[in-house]
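Structure assessment
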Amino acid sequence: RTTWLPRFNTPIMDAIFRRGADVLRIDEALMRYREPDEIYPDMPDQKPINEDLQIVHYGPGQQYTAHHDFGYPDTRHNAPSRSINLCMYLNEGMVGGETAFPRWRNAETDDAVKAVPKKGKAMIFYMKLPDGNLDDLSQHAAMPVIEGEKWFANLWTWDPHRL
């Protein structure tokens, strides 16, 4: 199950978006509709560079198989796409439910790296490389919840220079 929560729904939601901007070191004004007198010369319009906050719930046996969040945009150089995901874990205590990056490799192992859900913890991953190409290594999966339930939030931002 999933739902989307807008920034200005409540003061708490606004605080979450402001904190997300702080963590990502992005001016919070870029994460909301801006007034015409708020000048950002590199921005094409006053639209936010983020999506609404996605809340996801997984019950026992549920998972999301390996995928990319960036999608596959058109073939233009520097075409717009999701760029950064700030993932927030809202609970803990389940068995399973890790976020796995199956294409991750290092000199010691070919096993996927896994983030174990812990309430109040967050992780950031980038889906675009500095040159604007999509990062295939950002492929990830929500591993099956074996016991209990998992609550999770995604705050996706788009590269402000490629909108």
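Everything numeric in this text was worked out from a predicted model, so none of it was measured. (Residues numbered from 1 in each chain as written. Predicted model: local features only at pLDDT ≥ 70, side-chain atom pairs only at ≥ 80, totals over all residues. Heavy atoms only, no water.)

Here's the deal with the sheet that holds strand 2 (residues 53-58)
Reading across from one edge, 1-2-11-4-8 is the order of the five strands in this open sheet, with antiparallel pairing throughout. Each of the sheet's edge strands pairs with one partner strand only, and the pair in question is strand 1 (2-5) and strand 8 (122-126). Looking at each pair of strands side by side, their axes are set apart by 20° on average, direction ignored. (Pairing = 2+ DSSP bridges. Helix = DSSP H or I, 4+ residues; strand = E, 2+ residues; numbered from the N terminus. Axes fitted to C-alpha atoms, helices over the stretch in contact; angles between N-to-C directions.)

Observations regarding the packing of aromatic side chains
A complete count under the given rule lists three aromatic pairs for this structure. On the numbers, 5.9 Å between centres and 40° between planes, the contact of Trp4 with Trp156 is tilted. With Trp4 in strand 1 and Trp156 in strand 11 (residues 150-158), this pair connects stretches of sequence that are 152 residues apart. By relative accessible area, which is 38% here, Trp4 ends up partly exposed. Classification of Trp156 by relative accessible area gives buried; the value is 5%. (Phe/Tyr/Trp six-rings, centres within 6.5 Å; stacked < 30°, edge-to-face > 60°. Buried < 20%, exposed > 50% of the residue type's maximum accessible area, 1.4 Å probe, protein only.)

Let's talk about the side chain of Asp69
Summarising the element assignment, Asp69 is placed in the loop between strand 3 (64-67) and strand 4 (82-89). Buried within the structure, Asp69 lacks any salt-bridge partner; Arg82 is the closest side chain of opposite charge, at an N-O distance of 4.5 Å. A polar contact of 3.3 Å, which involves the side chain of Asp69, links it to the side chain of His67. Excluding its chain neighbours within four sequence positions, the residues that come into contact with Asp69 are Arg82, Asn85, Phe125, Met127, His140 and Trp156. (Lys, Arg positive; Asp, Glu negative; His and termini not counted. Salt bridge = Lys/Arg side-chain N within 4 Å of Asp/Glu carboxyl O. Polar contact = N/O pair within 3.5 Å; in protein donor to acceptor, adjacent residues only side chain to side chain. Contact = heavy atoms within 4.5 Å.)

Some remarks on helix 1 (residues 11-24)
Along its 14 residues, helix 1 runs 20 Å from first to last C-alpha, staying within 8% of the 20 Å computed at 1.5 Å per residue. Burial in helix 1 covers these residues: Met13, Asp14, Phe17, Gly20, Ala21 and Leu24. In a view along the axis of helix 1, the buried residues occupy a sector of 120°, so they form one face of it. In helix 1, the exposed positions that point more than 90 degrees away from the buried face belong to Pro11, Ile12, Arg19 and Asp22. Lining the buried residues of helix 1 we find strand 1, strand 2, strand 4, strand 8 and strand 11. Phi turns positive one or two residues past the end of helix 1, at Arg25, with a value near 60°. (Expected span 1.5 Å × (residues − 1). Arc of directions from axis to C-beta.)

All we've got here are geometric facts, nothing functional implied.
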